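# Summary of structural features
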Amino acid sequence: MSVATGLNLSYQNRRVRILPAMLAGATVTLLNMGVRQLGGLQGLELGSFDSLVRLQPDSGPDPRLLVVGISEADIQALGRFPISDGAIAQTLTKLQKYQPKVIGLDLYRDLPQAPGHEELLAGLKARNVVAIYKLSDSESEGVAAPPGIPPDRLGFNDFVLDPDGVVRRNLLSVSQPDKKIALSFSVQVALLYLKDRVQQKNSSVHPHQINWGKAEFVPLTSHSGGYANLDAKGYQILLKYRSGKDVARQVSITQVLKGEIEPSWVKDKIVLIGTTAPSTRDVFLTPYSPVKKQSPKMPGVLLHAQMLSQILSAVLDGRSLFWVWPEWAEILWNGAWAMVGGVLAWRIQHPVKAGLAGGAGLMGLLGISYGIFTGGGWVPLVSPTLGLVVTGVGVSAYRKLYDAFHDSLTGLPNRDLFVDCLGRAIANTRGRRSYLFAVLFLDLDRFKVINDSLGHLAGDELLMSVVQRLRAIIGSGNTVARVGGDDFAILVRNVDVGSAVDLAGRIHQALIVPFDLKGQEVFVTASIGIAVGGEPAATVREQPEHLLRDAHTAMYRAKALGTGRYQVFNASMHALAVERLQLETDLRVALKRQEFLLHYQPFVSLATGRIIGFEALVRWQHPLRGLISPVKFIPVAEETGAIVPLGEWVLEEACWQLRLWEGMFDFDQPLIMSVNLSGKQFAQPDLVDRIQMILETTGLSADSLKLEITESVVMDDVESAIAVLKHMKELNVKLGIDDFGTGYSSLSYLSRFPTDTLKVDKSFVGRMELESEGENVAIVRTIVALAHALGMDVIAEGVETAAQLARLRAIGCEYGQGYFFAKPLPSEAATALMASEPQW
């Protein structure tokens, strides 16, 4: 598989895994819209509308408007409230002298307020005066228009209060029972002001929509913006406030009566007359009310000024009116932000980063909503915020749960989820006679080599490719899990042992095809352990962890037999595993308790028959199990790392023993003590320093110590081994290669090793007496000749018969070691053997 294909697989895997985030976003959106339709979010949405209104820049007073207010001071000066018709009539007369374009009387005058009623009626008949009345469904609740005013100069009070009492809407017109259209006070004033400039007309696209000059007055529907089940009686639009305070120049009625105003303030303007005293009932809550501490409400005349300014600015100046999206667009809007929250939560797992990303998402939502609002659009803000937050929190919680049971790289179930699936499989077998299942534990052979050579990214790509092949083989009804770095567990349902073995064979066949990693072909094999569950006699006591353990044990047995193999679990494997675990535990305790001792097997000069040295061999005297063979515990010590401190103890103890013998006997030539070094010891960076320290501590001469290294150890990393051997040789110790002939030494390397001795493996020596001049004799003869050519001496291991001894002498081997001379002996027996001065 190519790198591009691997990346594509990774992308597809992420895309599949991100699907829950998208589904969560869609679900939250549907729930969100349902709550919104029921009105659960309307109060919050209206509050967000008010906040956005307050954030808008103040446009300042509208120069086309003048407000004549009746303040508390005016009421006190005029001596009554409502003020008399005569005072209103005088005000109209004063204003008419300054030639206003329109005068809007924002005062109810259906009942006479003597004196001066007749004068007021005469003043109201002027062609530029518009009066107001209160519209109501009940005649008893309404306020009639002043008598004698033409219908085209009458408008109803167009305030619409939301459930919280705030004025956010403007009612332009309503249909009367007689099918006539009644226009609002603001519309009538605007029509009169604009009659010489531009007229209303209906939209050709939307017949019931008013198009007026540069503006399209789009009516609100029952679910416009943040509303839910809006009382959409009549033709309503959203009120776009010009200013929170100074919507128009204001003067008092007293100033008008006294002539204390500039004519230019009135000429060709719209003049609104109304009450501004806060003590009256003609004050209303607005979006600005929460921040206006002293005067939280706005007088009705100023609200009408806001509405008029909105109409004039839209018709004449092209200033945008509020628009809203259709319901389907709002659903997409809410859904998009819910998706954003879900995707961010899914992709970003670090809590701090996720919080920052969520905050950035919220700031983005607020910024976009503010920009739309500034441009004249009101889109829901609370519902997408809830969608983003709820989906983000929900997906984050789901992701944490998902990650707790899935592998982050492959998306496969992890060990915990696999054990859970395995537990359910066991439960399904109870009460069923013919239902078996199998657990396969798969470990990639030499996967570490790929990671070390090509890098971890290539290793990850390889794992993804292996997963793809495994999925293709086992089918959708079974389970693949990643339970370790390069370990996979497979649960195959409704199979027997034969089918499980067949599946293992098919997995091996699938992995034979090479993988293409970064342009390099890589061949992979796997060791597979198989454990079968569901046996009727075992289902009561079967545990999922035990079955996984059994498959793991069988895998290790397969790996011990070589790469690319499989093994079916049996009870003896578990017994061996338990024994091995106990051995590991006892081994660690034995190091602390110093339960080890040394036996010594002599080296004999084949020329003289005399002892020239000993090999120190470690033994374990277990307090309960007696003497344990090194064949059992040395491999365990190698794997656990216990071989390092154990080897160091062996080296020091052997040196002390040789020093003791040197004091007891007068040798013709120095006795040699040979000690084996394990691969783990040889890889220790401070090995040479430790050897030198032991020699100094024991006082043993370095040329009396021989260190033996197996052929396979030095060939694992030849150049590094040569460097270490040279450093060791600088101490003046002797060096030997053990088990020569069983490994894969290169003659070119062998000539570079600064070694003194080659040890012929006992497998060659043992078969020498079975043939006169056969293959094994030739091998030993060749090794001896090779060693002599390289300036080394030779020790033959495993000498057990006189015939073998004779052949070794005949081919010129210098030294021998084996049961023919002596078994490995405790120190006391070895001492006695030397005292007897034996000769062979």
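To start, this report covers the structure provided alongside it. (Residues numbered from 1 in each chain as written. Predicted model: local features only at pLDDT ≥ 70, side-chain atom pairs only at ≥ 80, totals over all residues. Heavy atoms only, no water.)

### A look at helix H9 (residues 300-317)
Short version of the rule: Helix and strand definitions here come from DSSP, where helices need a minimum of 4 consecutive H or I residues and strands a minimum of 2 consecutive E residues; each element is numbered from the N-terminal end. Take the number of residues in a helix, subtract one, and multiply by 1.5 Å to get its expected span. Exposure is judged per residue with a 1.4 Å probe applied to protein chains only, and the accessible area is read against the type maximum: over 50% gives exposed, under 20% gives buried, and values in between give partly exposed.
The end-to-end C-alpha distance of H9 is 25 Å, a good match for the 26 Å that 18 residues give at a rise of 1.5 Å each. The element H9 is largely enclosed, with a buried count of 16 among its 18 residues.

### A few points about the packing of helix H2 (residues 19-37) against helix H10 (residues 327-347)
Operational definition: An axis is simply a line fitted to the C-alpha atoms; with a helix, the fit covers only the stretch in contact. Between two such axes, the angle follows the N-to-C directions and lies from 0 to 180 degrees. Roughly parallel refers to an angle under 35 degrees, roughly antiparallel to one over 145, roughly perpendicular to one between 65 and 115, and oblique to any angle outside these ranges. Put simply, a crossing is left-handed when the front helix is turned counterclockwise from the back one by less than a right angle, and right-handed when it is turned clockwise. We call two residues in contact whenever any of their non-hydrogen atoms come within 4.5 Å of each other. Asp, Glu, Lys and Arg are counted as charged, while Ala, Val, Leu, Ile, Met, Phe, Trp, Tyr, Cys and Pro are counted as nonpolar; the rest, among them Gly, fall into the polar class.
Two elements in contact, H2 and H10, have axes separated by 8 Å at closest approach and are oriented at 140°. On the basis of the axis angle, H2 is oblique to H10. The two elements H2 and H10 cross, and the hand of that crossing is right-handed. For the pair formed by H2 and H10, the contact residues are Pro-20, Ala-21, Met-22, Gly-25, Ala-26, Thr-29, Met-33, Arg-36 and Gln-37 on the first element and Glu-327, Glu-330, Ile-331, Asn-334, Gly-335, Ala-338, Met-339, Gly-342, Val-343 and Trp-346 on the second. Residues that form the contact of H2 with H10 fall into these classes: ten nonpolar, six polar and three charged.

### Re a nonpolar patch on the surface
Short version of the rule: Residues form patches when they are more than 30% accessible in relative terms and have no salt bridge. Like charges link within 9 Å. Nonpolar side chains (Val, Leu, Ile, Met, Phe, Trp, Tyr) link within 5 Å. For every accessible area listed, the method is Shrake-Rupley and the probe measures 1.4 Å; residues are considered covered only by the protein chains on display. Within this document, salt bridges are pairs made up of a side-chain nitrogen of Lys or Arg and a carboxyl oxygen of Asp or Glu, the two lying within 4 Å of each other.
A cluster of nonpolar residues, Leu-19, Met-22 and Leu-23, forms a patch on the protein surface that exposes about 280 Å² of accessible area. Summarising the element assignment, Leu-23 is placed in helix H2.

### A look at the pattern of salt bridges
Summed over the entire model, instances satisfying the criterion amount to 26 salt bridges. The partner of Glu-595 in a salt bridge is Arg-593, and the shortest N-O contact between them spans 3.9 Å. In this structure, Glu-708 and Lys-759 form a salt bridge, with 3.2 Å as the shortest nitrogen-oxygen distance. Of the two residues, Glu-708 is situated in strand S27 (residues 705-710) and Lys-759 in strand S29 (residues 757-760); the sequence distance between them amounts to 51 residues. Taken individually, Glu-708 and Lys-759 each receive the classification buried, so the pair is uniform in this respect. A single network of salt bridges, built from pairs that share partners, joins Asp-50, Asp-162, Asp-164, Arg-168 and Arg-169.

### Overview of helix H19 (residues 630-640)
Note the threshold: The arc under discussion is defined with respect to the helix axis, by the directions toward the C-beta atoms.
Of the residues making up H19, those classed as buried are Phe-633, Val-636 and Ala-637. Seen end-on, H19 carries its buried residues on one side only, within an arc spanning 105°. Along H19, the residues that are exposed and aim more than 90 degrees away from the buried face are Val-631 and Glu-639. Positioned one or two residues after H19, Gly-641 has a phi angle of 85°, which is positive.

### Here we look at the environment of Gln-90
Checked against the element boundaries, Gln-90 lands in helix H5 (residues 85-96). On the basis of relative accessibility, which here comes to 49%, the residue Gln-90 falls in the partly exposed class. Taking C-alpha positions, Gln-90 is 114 Å from Ala-642, a pair spaced 552 residues apart along the chain.

### Section: the sheet that holds strand S18 (residues 487-493)
Stated precisely, the cut-off is as follows: The pairing criterion is simple: DSSP has to find at least two bridges between the two strands.
As summarised here, the arrangement of the five strands in space is S17-S18-S16-S21-S22, forming an open sheet in which the pairing is mixed. In this open sheet, the two strands that pair with only one neighbour each are strand S17 (479-482) and strand S22 (566-568). Strand after strand, the sheet turns through a mean of 20° between neighbouring axes, direction not considered. Alignment of S17 against S18, held across four bridges, turns out to be antiparallel. The residue of S18 that forms the bridge with Val-480 is Ile-490. Against the sheet, helix H17 (residues 544-560) contacts strand S16 (437-444), S18, strand S21 (526-533) and S22, and its axis sits at roughly 145° relative to S21.

Function-wise, these values are silent; they only describe arrangement.
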